[in-house]
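The chain contents come next:
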Amino acid sequence: MVQLVGSLRKELAESLYTCKVLVVGAGGIGCELLKNLVLTGFKNIEVIDLDTIDVSNLNRQFLFQKKHVGKSKAQVAKESVLQFCPSANITAYHDSIMNPDYNVEFFRKFMLVMNALDNRAARNHVNRMCLAADVPLIESGTAGYLGQVTVIKKGLTECYECQPKPAQKTFPGCTIRNTPSEPIHCIVWAKYLFNQLFGEEDADQEVSPDTADPEAAWNPEEAAARASASEKDGDVKRVSTKEWARSTGYDPIKLFNKLFKDDIMYLLTMDKLWKKRKAPTPLDWTQLENKASPPEESPASGLKDQQVLGVWGCCQLFKHSVETLRSELREKGDNAELVWDKDDPAAMDFVTSAANLRMHIFSMNMKSRFDVKSMAGNIIPAIATTNAIIAGLIVLEGLKILSGELESCRTIFLNKCPNVRKKLLVPCVLDPPSKNCYVCASKPEVTVKLNVQKTTVLSLQDRILKERFGMVAPDVQIEDGKGTILISSEEGETEANNSKYLSDFGIRNGSRLQSDDFLQDYTLLINVLHTEELERDVEFEVVGEAPDKAPPPQSNPEEVNSITNGNKDSAQPSTSSKAPADEDDLMIVDSDEEEGAPSSSATVTSGTKRKHSDLDSDKSSTKRPRTDPSAAAGDEDDDIIALD
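What you see is a predicted model, and the numbers here were worked out from it, not measured in a lab. (Residues numbered from 1 in each chain as written. Predicted model: local features only at pLDDT ≥ 70, side-chain atom pairs only at ≥ 80, totals over all residues. Heavy atoms only, no water.)

### A closer look at the environment of L16
For clarity, the threshold we go by: What counts as a helix is a DSSP run of H or I of at least four residues, what counts as a strand is a run of E of at least two, and both are numbered from the N terminus. By definition, residues are in contact when any of their heavy atoms lie within 4.5 Å.
Along the chain, the position of L16 falls in helix α1 (residues 10–18). With sequence-adjacent residues up to four places away left out, L16 is seen in contact with L8, T40, G41, F42, K43, L399 and L402.

### Focus: the packing of aromatic side chains
Put simply, the rule is: Put simply, two rings from Phe, Tyr or Trp (the six-membered ring, in Trp's case) pair if the centres are within 6.5 Å, and we call them stacked under 30 degrees between planes, edge-to-face over 60, tilted for the rest. We call a residue buried when its accessible area falls under 20% of the maximum for its residue type, exposed when it is over 50%, and partly exposed in between, using a 1.4 Å probe and counting protein chains only. Two conditions define a charge located above a ring, namely a distance within 6 Å from the ring centre to NZ of Lys or CZ of Arg, and an angle within 35 degrees of the ring normal.
Per the stated rule, a full pass over the model turns up 18 aromatic pairs. With a centroid separation of 5.1 Å and 80° between ring planes, the pair formed by F256 and W285 is classed as edge-to-face. With F256 in helix α10 (residues 252–269) and W285 in helix α11 (residues 285–291), the pair connects residues that are 29 residues apart, well separated along the chain. Judged on exposure class, the residue F256 and its partner W285 are both buried. Put simply, the rings of W189, F194, F198, Y250, F256, F260, W285, W312, F318 and F350 touch in pairs and so form one group of aromatic residues. The ring of W244 carries the charged tip of K258 above its face, separated from the ring centre by 6.0 Å. Its guanidinium or amino end placed over the ring of W189, R358 lies 4.4 Å from that ring's centre, counting from NZ or CZ.

### Focus on the nonpolar core
The criterion, for reference: Only buried residues count toward a nonpolar core. Its members are Ala, Val, Leu, Ile, Met, Phe, Trp, Tyr and Cys residues joined through side-chain atoms within 4.5 Å. The split of the chain into domains comes from an automatic or database domain assignment.
Ranked by internal contacts, the top residues of the largest apolar core, which has 55 residues, are L22, I97, F107, V113, V126 and L486. Here this core spans two domains, since at least three of its residues come from each of domain 1 (10–166 + 381–429) and domain 3 (445–543). Residues C186, F256, I361 and F362 belong to the second largest nonpolar core, which totals 53 residues.

### Observations regarding the packing of helix α7 (residues 183–198) against helix α12 (residues 311–332)
To keep things clear, this is the line we draw: To obtain each axis, a line is fitted to C-alpha atoms, and for helices this fit is confined to the stretch in contact; angles are then taken between N-to-C directions over 0 to 180 degrees. Any angle from 65 to 115 degrees is called roughly perpendicular, while one under 35 is roughly parallel, one over 145 is roughly antiparallel, and all others are oblique. Take the far helix as your reference; a near helix turned counterclockwise from it by less than a right angle gives a left-handed crossing, and one turned clockwise gives a right-handed crossing. Residues are grouped as follows: nonpolar covers Ala, Val, Leu, Ile, Met, Phe, Trp, Tyr, Cys and Pro; charged covers Asp, Glu, Lys and Arg; every other residue, Gly included, is treated as polar.
For the pair α7 and α12, the least separation of the axes is 11 Å and the interaxial angle reads 40°. It follows that α7 is oblique to α12 by the angle criterion. Helix-helix and strand crossings are classified by hand; for α7 and α12 the assignment is right-handed. Across from F194, L197 and F198 in α7, the residues of α12 making contact are L325, R326 and L329. A class-by-class count of the residues in the contact of α7 with α12 yields five nonpolar, no polar and one charged.

### Overview of the packing of α7 against helix α13 (residues 345–361)
Two numbers describe how α7 lies on α13: the axes approach to 8 Å, and their chain directions differ by 130°. As the angle between them shows, α7 and α13 are arranged oblique. Where α7 crosses over α13, the handedness of that crossing is right-handed. Listed contacts from α13 to P183, C186, I187, W189, A190, K191, L193, F194, L197 and F198 of α7 are A347, F350, V351, A354, A355, R358 and M359.

### Quick notes on unusual backbone geometry
The phi angle at S363 is positive, at roughly 60°, despite the residue not being glycine. Note that S363 resides in the loop between α13 and α14 (369–375). S363 sits in the partly exposed class, given a relative accessible area of 40%. The residue K422 is not glycine, and still its phi comes out positive at about 65°.

### Looking at the sheet that holds strand β17 (residues 540–542)
To be explicit about the condition: In this scheme, strands are said to pair when DSSP sees at least two bridges between them.
Strands sit in the order β14-β13-β15-β16-β12-β17 across an open sheet of six strands; the sheet is mixed. A strand with exactly one partner marks an edge of an open sheet, and here the two such strands are β14 (484–487) and β17. Going across the sheet, the axis of each strand differs from the next one's by a mean of 30°, ignoring polarity. Against the sheet, helix α16 (residues 457–468) engages β12 (445–450), β13 (475–478), β14, β15 (512–517), β16 (522–530) and β17, with an angle of about 70° to β14.

### Here's the deal with a negative patch on the surface
Counted only if it meets this: For patch building, the residue pool is restricted to those with more than 30% relative accessible area and no salt bridge; the joining distance is 9 Å between like charges and 5 Å between nonpolar side chains (Val, Leu, Ile, Met, Phe, Trp, Tyr). All accessible-area figures derive from a Shrake-Rupley calculation using a 1.4 Å probe, and residue coverage is judged against the displayed protein chains alone. The salt bridge definition used is simple: a Lys or Arg side-chain nitrogen within 4 Å of an Asp or Glu carboxyl oxygen. Charge assignment: positive for Lys and Arg, negative for Asp and Glu; neither His nor the chain ends contribute. The atoms used to mark charge sites are NZ of Lys, CZ of Arg, CG of Asp and CD of Glu.
A cluster of acidic residues, E200, E201, D202 and E337, forms a negative patch at the surface. Within the secondary structure, D202 sits in the loop between α7 and α8 (220–227).

### Quick notes on the environment of S459
In this structure, S459 sits in helix α16. Classification of S459 by relative accessible area gives buried; the value is 13%. Taking C-alpha positions, S459 is 9.9 Å from K500, a pair spaced 41 residues apart along the chain. Not counting residues up to four positions away in its chain, the partners in contact with S459 are I464 and E539.

### Some words on the sheet that holds strand β3 (residues 20–24)
Spatial strand order, β5-β4-β3-β6-β7-β8-β10-β11: eight strands in an open sheet with mixed pairing. Across the chains shown, the open sheet's two edge strands, defined by having one partner strand only, are β5 (89–93) and β11 (425–429). Between one strand axis and the next, the sheet turns by 15° as a mean value, whatever way the strands run. Relative to strand β7 (residues 137–143), strand β6 (residues 112–115) is paired through two bridges, and the arrangement is parallel. Each bridged residue has a counterpart across the sheet, and for V113 the counterpart in β7 is L137.

### Let's talk about the pairing of strand β8 (residues 146–152)
Most of β8 sits out of view: seven of its seven residues are buried. Burial along β8 is two-sided: the residues L146, Q148, T150 and I152 and G147, V149 and V151 are all buried. Two elements, β7 and β8, share seven bridges in a ladder whose sense is antiparallel. Residue pairing for β8: I138 is matched across the bridge by V151. In this structure, the hairpin formed by β7 and β8 is closed by a connection of two residues, where G144 is found at a positive phi of approximately 65°. Pairing geometry for β8 and strand β10 (residues 410–414), over three bridges, is antiparallel. Its bridge partner lying in β10, V149 is registered against I412.

Written out as structure tokens, the structure is:
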């Protein structure tokens, strides 16, 4: 007769007492997950999160209260969960999971790793660390009413990076407010600015500099001090953006100087943000007006909406749109609100001009009104009940793994509406590893198409190896028979190479580069394919993949709806050949088929690595161990801006 301890078999219940699990992220999913783990019987838990608690978290991250604002999420989550189960042994880290201290040996301590993250960079990193440590990983994500849970096990299932992913559609709030690096970040910021000034204010849509940005203060105490500088017992006193704008009479020039000069100058005081980034350049209305040249008589070619305005042109558009929106507000009466609509000319002009000015400030190529309109979308709300359901599914999959029933694990999709079989939860069989995966294949290899005469070493390092292929701190050598070191993770060792072009080192069509990341225990062989025919503003292409585009739709008798831009009401059928595209980079399906296994769900920011003495390898290396602390992406699930 089977002996039970509560609802679990005695053997399984006993294993929960002894096994050690790691939870990465203490946000929306993380809070629910930690509570579930201790109530299920897990006794040894470690949780890591770099973020601090913000007022906007309190509506869904129930382990936090008003008095906790500005404090470490991981530490407060630990204290709150211990009230459910005081006998649990919980260790909290207010840190980034991409810190080199959390190496392969650290991951080997755990029987299970559970992700509750909000960004692809950290997801990719944890995926690689779990592969290197051969530890099962449970990946998860939510987007409004949609959610997904999947299991990743080295050699048995697809890893997180087996399938190409479309461009990330979700971004941490600090990226939008402090360190935008892509036009879409600026467009989201401009949409939020519209709501803050003219529409319904939302704490999740703040646009002013984020003083609690964890990357701006590596010291946990400093991060908490930033967040709580003007608060007492969590009661943060804030000046409403709308109230300030009203006090100026919605003066467009005062608004301009506040948003594009004063706020940017404040960001520059957060100097840690700009150690490895190009600092933004503030704009001043008077200076721009004095420099402005008279308009040319000859009209620009092409349709008006497809023309890219200059900086002063955007300034004038900003001024005109603010004046128009101000008039619309006054016509509606006191306490009126406007609703952003991409088909409203004034609203679209405002977002186009504000986004482009911010792009210019952060050294990005500006976009046409047509491009901005096509990229702008709605916002996927964070739903507490979705997080709760997904956290419960994570624990159920974890129990299967601890019971030795890995073959019964599934990728499970949570849909907004029941499918044809009236199911909200759709399980799918896990796919085997992809033979062409550039992460978990036996010998990872890719072919990259680029112009060797225009691609710099720094671009290879930052844009291709770190941003596209998710390495933390790559070492690169040219396979030229001499083992020429092109990039070294040792600070300053190859810095002189950064501004040089690949062709300066004899790299040409057919050259091969070997890139090693010792922290991730990961080696990637890169075949260089020289071309002079890349599209405008495209620096490189990965042959055989379209990393910035969703895979083509597959024929299916059921309606296929994408959540990429949030204008669909239901989730969509999918198989593993489809790349995820939602709030947490996951593909959501609405299918009753349980045979096709949709892909699991995550790329990396800068950090550093070191060689681990215990790593078994049949390859010798001339590279020496390296360490170099650096900040990385935040490890929180729900304090994000999600595009829909």
